[in-house]
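Observations on chain architecture
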Amino acid sequence: HLSNRLQTVADFVRPGARLADIGSDHAYLPVHLAKKGVISAAIAGEVVKGPYHNALTEIENEQLTAVITARLADGLAAIHLDDNIDTITIAGMGGTLITNILESGKAHLTHHERLILQPNVGEDNVRRWLQDNSYEIVAERILAEDGHIYEIIVGDPTDTPVIYTAAELKFGPYLLQEKSPVLQQKWRQEQARLDQVIATMKQAKNAPQQKIAAFKQERDQIQEVVL
Ligand code: SAM
């Protein structure tokens, strides 16, 4: 049984996919998809030995060694050309780490892969990387679980690059259209955080006016665009 977060990632893996799950830890995502018969093959990539062994153990316990291969490797180096991977999932990390993994692993991409990304923070970095590397965002989800709010961003390769506005990169083009209660909750929390920062800064002796103005602008943008 997957968390709602990982289930939402799983929902975007198409039947018959050849999946690479990078930073797989226990390999719960590929194991679940293999048991459901959704994927035809998977790589579970891990750069840390402990999680790599978690993946190995889970795959063996579920008797899925014929379908899923665990590899100890940094980022996309887990993917070999003859794996014919068509779907990559990277979930449960910061957006900066996800973009670093994509950027430094470009040589392992054929630009035919669907990318299903679930950054815990820094979603704007992920969207900008997709835009700058000829991926079109084809779907987004936002959900709350266990006191956290998670975003899932799905990118498909495109030959006609899409340019997103600054607001779309920050809040998400689909999430903005939808303006769900969870999105509004997320950005209300961010507003409250900014208000706190502004209040603290104002108390400082030499209050940095420019910075305060910038934070206020950020706060007002959230108000205008999302709430
Ligand atoms: N993907 C799973 C999920 O969403 O539940 C596990 C997330 S876990 C918090 C992040 C995992 O990413 C860790 O096991 C960590 O070792 C792995 N990781 C971090 N950087 C990595 C990299 N450059 N290459 C492969 N795995 C990496």
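Digging into the site of the ligand
In the region of the ligand, 16 residues are neighbours, and Arg5, Gly23, Glu46, Asp74 and Gly75 sit closest. In this structure, glycine 75 approaches the ligand through a main-chain N or O atom, which is 2.8 Å from a nitrogen atom. When atoms are counted within 2 Å of each cavity's grid points, the one that captures over half of the ligand is the largest pocket. If you list the elements that add at least two residues to the shell around the ligand, you get α1 (4-10), β4 (87-93) and α4 (95-104). It is β4 that provides the largest number of residues to the shell around the ligand, a total of 3 residues. Per-class residue counts for the shell around the ligand are 9 nonpolar, 3 polar and 4 charged.

Description of the packing of aromatic side chains
By the definition in use, this model includes 2 aromatic pairs. With centroids separated by 4.6 Å and ring planes inclined at 75°, the aromatic side chains of phenylalanine 171 and tryptophan 187 adopt a geometry described as edge-to-face. Of the two residues, phenylalanine 171 is situated in helix α6 (residues 166-171) and tryptophan 187 in helix α8 (residues 181-203); the sequence distance between them amounts to 16 residues. Accessibility expressed as a relative area gives 0% for phenylalanine 171, which makes it buried. Above the face of the tyrosine 150 ring, arginine 5 is positioned so that its terminal group lies 5.6 Å from the ring centre.

Points about the environment of alanine 66
Checked against the element boundaries, alanine 66 lands in the loop between α3 (49-61) and β3 (68-72). Spatially, the C-alpha atom of alanine 66 lies 9.9 Å from that of serine 40, the residues being 26 residues apart in sequence.

A few points about the pattern of salt bridges
Taken as a whole and assessed by the stated rule, the structure comprises 11 salt bridges. Taking the shortest distance from any N to any O, the salt bridge between lysine 106 and glutamate 103 comes out at 3.2 Å. The salt bridge involving arginine 114 is made with aspartate 156; its shortest N-O contact spans 2.9 Å. Within this pair, whereas arginine 114 is found in strand β5 (residues 114-119), its partner aspartate 156 is found in strand β7 (residues 148-157), the two being separated by 42 residues in sequence. For the pair arginine 114 and aspartate 156, one class covers both residues: buried. Where salt bridges share partners, they join Glu123, Arg127, Glu140, Glu151 and Lys186 into one cluster.

Criteria and thresholds
Residues numbered from 1 in each chain as written. Predicted model: local features only at pLDDT ≥ 70, side-chain atom pairs only at ≥ 80, totals over all residues. Heavy atoms only, no water. Near = heavy atom within 4 Å. Polar contact = N/O pair within 3.5 Å; in protein donor to acceptor, adjacent residues only side chain to side chain. 1 Å grid on protein atoms, 1.4 Å probe; cavity = no way out; pocket = protein on both sides within 12 Å on 5 of 7 lines; lining within 4 Å. Sits in = over half its atoms within 2 Å of the grid points. Helix = DSSP H or I, 4+ residues; strand = E, 2+ residues; numbered from the N terminus. Nonpolar A, V, L, I, M, F, W, Y, C, P; charged D, E, K, R; others polar. Phe/Tyr/Trp six-rings, centres within 6.5 Å; stacked < 30°, edge-to-face > 60°. Buried < 20%, exposed > 50% of the residue type's maximum accessible area, 1.4 Å probe, protein only. Lys NZ or Arg CZ within 6 Å of the ring centre and 35° of its normal. Salt bridge = Lys/Arg side-chain N within 4 Å of Asp/Glu carboxyl O.

By themselves, these are just geometric observations and shouldn't be taken as functional.
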